[in-house]
Amino acid sequence: MGLVFSSDRIEQISTGKIDREGRWRPSHYRYMNSGKPDKPSEFRFDWDAMEITFSGESIPVATRAHDELSQMSELARLLAGGAREVALPVFNGSKRRMYEYRYEVGKPTTLEVPLSSGVVKEQALLVTLTTSRGKYATRFWLAPERNYLPLRIERTHTEKQRTVIMQLTTSHPLAGD
């Protein structure tokens, strides 16, 4: 057994607008990986032409598609509306193509969250993500009381059995709390 450490820095920025139905509609997506500086990093969603353009190339974009960052806002919106199974077309910036992401909501659970102020217990929904690639198994613990803020994310590379855990460590009260 060995440990793998990476000093790569990944930065994602999604810009766009909220449409009449309350959905985020990305117009520009930036995906930067310091370990792969030669790959395109700026992506433009051209909804009139129904394509995503980058580095002089273009690929078709699915209706109501999201980038890897904006998918979380759409997932939260749909879960707040009562959805328990969600399928979203998502543009993957590192692979430069569209994938179908499928989310399934499990039972509510209580999650201990180690915040800087101490460990707190939060109500959370366990949401499992399956992608059409099947390369990763991803689980999200989302807090309905915090507008479906991700409290914890576990992403396991299914072939390499390597897991990355992202954990909320700081929290500020919501407006009105």
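Remember, it's a predicted structure, so these values are computed and weren't measured experimentally.

Caption draft 1: Representation of the environment of Ala143 within the structure. Checked against the element boundaries, Ala143 lands in strand 10 (residues 136-143). A residue is classified by how much of its surface remains accessible, and Ala143, at 0% relative accessible area, is buried. Linking Ala143 and Leu126, residues 17 residues apart in sequence, is a C-alpha distance of 9.2 Å. Not counting residues within four places of it along the chain, the set of residues in contact with Ala143 comprises Gln123, Tyr148, Leu149 and Leu151.

Caption draft 2: Highlighting the sheet that holds strand 1 (residues 10-18). With respect to topology, 5 strands assemble into an open sheet ordered 1-2-3-4-5, the strand pairing being antiparallel. Strands at the two margins of the open sheet, each flanked by one partner only, are strand 1 and strand 5 (57-60). Direction aside, the axes of adjacent strands within the sheet are offset by 20° on average. Both strand 2 (residues 24-33) and strand 3 (residues 42-46) contribute to a ladder of 3 bridges, which runs antiparallel. The residue bridging Tyr29 from the neighbouring strand is Phe43, located in strand 3.

Caption draft 3: Up close: the confidence of the model for the protein chain. Confidence in the prediction of the protein chain, expressed as mean pLDDT, is 84, and 88% of residues score 70 or more. Confidence, expressed as mean pLDDT per element, reaches its minimum in the protein chain at strand 12 (residues 162-167) with 72 and its maximum at strand 3 with 94. Taken together, the stretch residues 1-5 has pLDDT below 50 and engages in 1 contact with residues farther than four places along the chain or on a different chain.

Caption draft 4: Quick look at the pattern of salt bridges. Taken as a whole and judged by the stated rule, the model has 11 salt bridges. For Glu42, the salt bridge identified is with Arg30, shortest N-O distance 3.2 Å. Placement of Glu42 in strand 3 and of Arg30 in strand 2 is noted, with a sequence separation of 12 residues between them. Arg139 serves as the salt-bridge partner of Glu154, at 2.9 Å between the closest nitrogen and oxygen. Taken together, the residues Glu154 in strand 11 (residues 149-157) and Arg139 in strand 10 connect sequence positions 15 residues apart.

Conventions used here
Residues numbered from 1 in each chain as written. Predicted model: local features only at pLDDT ≥ 70, side-chain atom pairs only at ≥ 80, totals over all residues. Heavy atoms only, no water. Helix = DSSP H or I, 4+ residues; strand = E, 2+ residues; numbered from the N terminus. Buried < 20%, exposed > 50% of the residue type's maximum accessible area, 1.4 Å probe, protein only. Contact = heavy atoms within 4.5 Å. Pairing = 2+ DSSP bridges. Axes fitted to C-alpha atoms, helices over the stretch in contact; angles between N-to-C directions. pLDDT = per-residue confidence, 0-100. Salt bridge = Lys/Arg side-chain N within 4 Å of Asp/Glu carboxyl O.

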